[in-house]
Amino acid sequence: MEKKTIAVVTGASGGLGKEMVKLLLWEDVQEIFVIAKDEEKLSRLRQEMGERIRIFPMDLSDRDAILNFGAALLAENVTIRYLVNSAGYAKFGSCRDLSVLGSVDMIDVNCSAVVAMGLVCLPFMEQGSRILNIASQAAFQPLPYLNLYAATKAFVRNYSRGLNEELKEDGITVTAVCPGWIRTDFFDRAEIDAKKAPTRFFPMASPDQVAFKALSDAKKGKPISVYGLYTRFCHLVSKLLPQKWMMKLWLFQQGL
Ligand SMILES: NC(=O)c1ccc[n+]([C@@H]2O[C@H](COP(=O)([O-])OP(=O)(O)OC[C@H]3O[C@@H](n4cnc5c(N)ncnc54)[C@H](OP(=O)(O)O)[C@@H]3O)[C@@H](O)[C@H]2O)c1
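Since the model is a prediction, treat every value here as computed from it, not as a measurement.

Novice: For this particular structure, what's the right way to read the sheet that holds strand 7 (residues 224-225)?
Specialist: Note: strands within a sheet are paired through backbone hydrogen bonds, in either parallel or antiparallel orientation. One open sheet accounts for seven strands, arranged 3-2-1-4-5-6-7; its pairing is parallel. The open sheet has two edge strands with one neighbour each: strand 3 (53-57) and strand 7. One ladder, built from two bridges, connects strand 6 (residues 173-177) with strand 7; its direction is parallel. Of the residues in strand 7, the one forming a bridge with Val177 is Ser225. Where helix 1 (residues 15-24) meets the sheet, it contacts strand 1 (4-10), strand 2 (31-36), strand 4 (78-85) and strand 5 (130-134), and its direction lies at approximately 160 degrees from that of strand 1. With respect to the sheet, helix 7 (residues 207-219) is in contact with strand 5, strand 6 and strand 7, its orientation differing from that of strand 6 by roughly 150 degrees.

Put into structure tokens, the structure is as follows:
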């Protein structure tokens, strides 16, 4: 059986992940394997985008589900040209507003699943394959009242950059995508009516623009992709100022 060239996208049911799928349809891949929890949304995606879309509904906090996906890749005899780890979420509030299990789940989806999906897909990658891990501008500094989320994204950013160095000798690149606020369902998922929480989300980018920049940066082999002037400015400032000051600026900007 001849090998099939594919892309794999997590978090494909909406927002940034869905925009990545739209762009990848223009790339030289025969099929796109899309992953999210919501099977109905994935089925709609397939109806919308056609038969090159293959749906794999799964909860990425379930490690066995990820291992089973690895077994499916083996059975399908594939080469993975792109892996986009876009699934992830935040909760707006303090550590007291989050349950123990809720906190650990966020780490499972935002961090563990990114690592596990990478390792499961790696044996099917070859020279020229690209991994895009969606981190965030939140990765640049600690963010009180968005603290756990920011810490998970700092993990994704650092892990991705180190992985990029490790995989260079195989010709595989890893890009840590670090966008600022994006207009998606992210905010509905993050809102938990906490007393103290971020409420000022400016500037707001559109997901198609962020996805376009992320894919073109990944194709150039860039280790980090930062969309927009404001986020690039914050990136620079975070390299110059002590984290204590960065946190004060964040709290001031959010009126917290
Ligand atoms: N929006 C922003 O302001 C912003 C800024 C910077 C970075 N980001 C990052 O960008 C990425 C995409 O977020 P988005 O803005 O596109 O938000 P979104 O529209 O809410 O999309 C989140 C995606 O993640 C999936 N997902 C969440 N939990 C999952 C789980 N346990 N198992 C499988 N899939 C799961 C969702 O699938 P279901 O629909 O099936 O739940 C959905 O497809 C995230 O990593 C986010 O942290 C977002």
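Novice: What exactly am I supposed to notice about the site of the ligand here?
Specialist: In the vicinity of the ligand there are 28 residues, among which Gly11, Gly15, Asp38, Gly88 and Phe186 approach most closely. When contributions to the shell around the ligand are tallied by element, the ones reaching two or more residues are helix 1 and helix 6 (186-190). The biggest single contributor to the shell around the ligand is helix 1, with three residues. Looking at the shell around the ligand residue by residue, the class counts come to 12 nonpolar, 10 polar and six charged.

Novice: Which parts of the structure should I look at to understand unusual backbone geometry?
Specialist: Backbone geometry follows two general trends: most residues other than glycine have a negative phi, and most peptide bonds adopt the trans configuration. Between Phe202 and Pro203 the backbone carries a cis peptide bond, its omega angle lying at -10 degrees. Relative to the helices and strands, Pro203 resides in the loop between helix 6 and helix 7. Notably, Asn77 is not glycine yet its phi reads approximately 55 degrees, a positive angle. Checked against the element boundaries, Asn77 lands in the loop between helix 3 (63-76) and strand 4. The phi torsion at Tyr145 lies on the positive side, around 75 degrees, for a residue other than glycine. Among the secondary structure elements, Tyr145 is positioned in the loop between strand 5 and helix 5 (147-167). C-beta crowding within 10 Å serves as the criterion here: with 22 such atoms nearby, Tyr145 is assigned to the buried category.

Reading the values: the criteria
- Residues numbered from 1 in each chain as written.
- Predicted model: local features only at pLDDT ≥ 70, side-chain atom pairs only at ≥ 80, totals over all residues.
- Pairing = 2+ DSSP bridges.
- Helix = DSSP H or I, 4+ residues; strand = E, 2+ residues; numbered from the N terminus.
- Contact = placed C-beta atoms within 7 Å.
- Axes fitted to C-alpha atoms, helices over the stretch in contact; angles between N-to-C directions.
- Near = placed C-beta within 6 Å.
- Nonpolar A, V, L, I, M, F, W, Y, C, P; charged D, E, K, R; others polar.
- Buried ≥ 20, exposed ≤ 12 C-beta atoms within 10 Å, placed from the backbone.

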